[in-house]
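# Chain and residue survey
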Amino acid sequence: MKDWRALLYERWDTEKSKHLSTFISSSPKVFEEVFQAFYYEDGHIAHRSGFILGQTFKKNSSLLFPKIEALLLQMHEPPHEWYRWHVLWYLSHAKYPIEHDGLVANFALEELGKSYAKPAVKNACMRLMEFICKRNPELIPEYNLYLVNIIENERETLVRKARQQIKSLKKWQVN
């Protein structure tokens, strides 16, 4: 296979993306190089490596677990503009250990509260918060406040998702 960095600059389709993420997850050395590019670099290489890491983590979330603490440490001062979105997306697609729920919930709620956050970011944060609230039902009342704000101020697709979340979380809520 070509150098993974060169592959990041090529056009991807679904098959190429699957092939590249399989290659990355099968080689610990390459996985670590891609992770370091996302974690430390900026620009196109960081964005593309972050995207392909998402595909890799979605396929094999066990690769994500040892990296969660390092990823969360960078959330306060992210190395590039896509960093927070990528990390929240990674976590929203993985059943990660419960000890990270508090910090992850803080970051997800922070993104949900931003009026300028992209709909895809808010969607990932809502998926993440649903997962967190199922494990920590005491967070549901606070999360519901964010959902009400989304219903009042966001586009229809997010409003529908927020309404669905409110309904589904009722069964998890502690009275």
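Read on for a plain summary of the structure. Remember, it's a predicted structure, so these values are computed and weren't measured experimentally.

### Considering the pattern of salt bridges
Following the criterion strictly, the structure yields nine salt bridges and no others. A salt bridge links Lys67 to Glu32, with the nearest nitrogen and oxygen atoms 2.7 Å apart. Taken together, the residues span a long stretch of sequence, with Lys67 in the loop between helix 4 (44-59) and helix 5 (68-73) and Glu32 in helix 3 (residues 28-40) at a distance of 35 residues. By relative accessible area, Lys67 is classed as buried at 14%. The exposure class assigned to Glu32 is partly exposed, which follows from its relative accessible area of 28%. Linking Arg84 and Glu111 is a salt bridge whose minimum nitrogen-to-oxygen distance equals 3.0 Å. With a gap of 27 residues between them, Arg84 in helix 6 (residues 83-92) and Glu111 in helix 7 (residues 101-113) connect regions that are remote in the sequence. The exposure class of Glu111 is buried, given its relative accessible area of 7%. Connected through shared salt-bridge partners, Arg84, Glu110, Glu111 and Lys114 make up one network.

### Remarks on the layout of surface pockets
In this structure, the largest pocket spans a volume of roughly 300 Å³. If you trace the largest pocket, you find it lined by His47, Glu81, Trp82, Arg84, Trp85, Glu111, Lys114, Tyr116, Ala117, Lys118, Ala120 and Val121. Of all the elements in the fold, those that place two or more residues in the lining of the largest pocket are helix 6 and helix 8 (119-135). Residues that form the lining of the largest pocket fall into these classes: six nonpolar, one polar and five charged.

Cut-offs applied
Residues numbered from 1 in each chain as written. Predicted model: local features only at pLDDT ≥ 70, side-chain atom pairs only at ≥ 80, totals over all residues. Heavy atoms only, no water. Salt bridge = Lys/Arg side-chain N within 4 Å of Asp/Glu carboxyl O. Helix = DSSP H or I, 4+ residues; strand = E, 2+ residues; numbered from the N terminus. Buried < 20%, exposed > 50% of the residue type's maximum accessible area, 1.4 Å probe, protein only. 1 Å grid on protein atoms, 1.4 Å probe; cavity = no way out; pocket = protein on both sides within 12 Å on 5 of 7 lines; lining within 4 Å. Points joined across faces, edges and corners; volume = space filled by probe spheres on them. Nonpolar A, V, L, I, M, F, W, Y, C, P; charged D, E, K, R; others polar.

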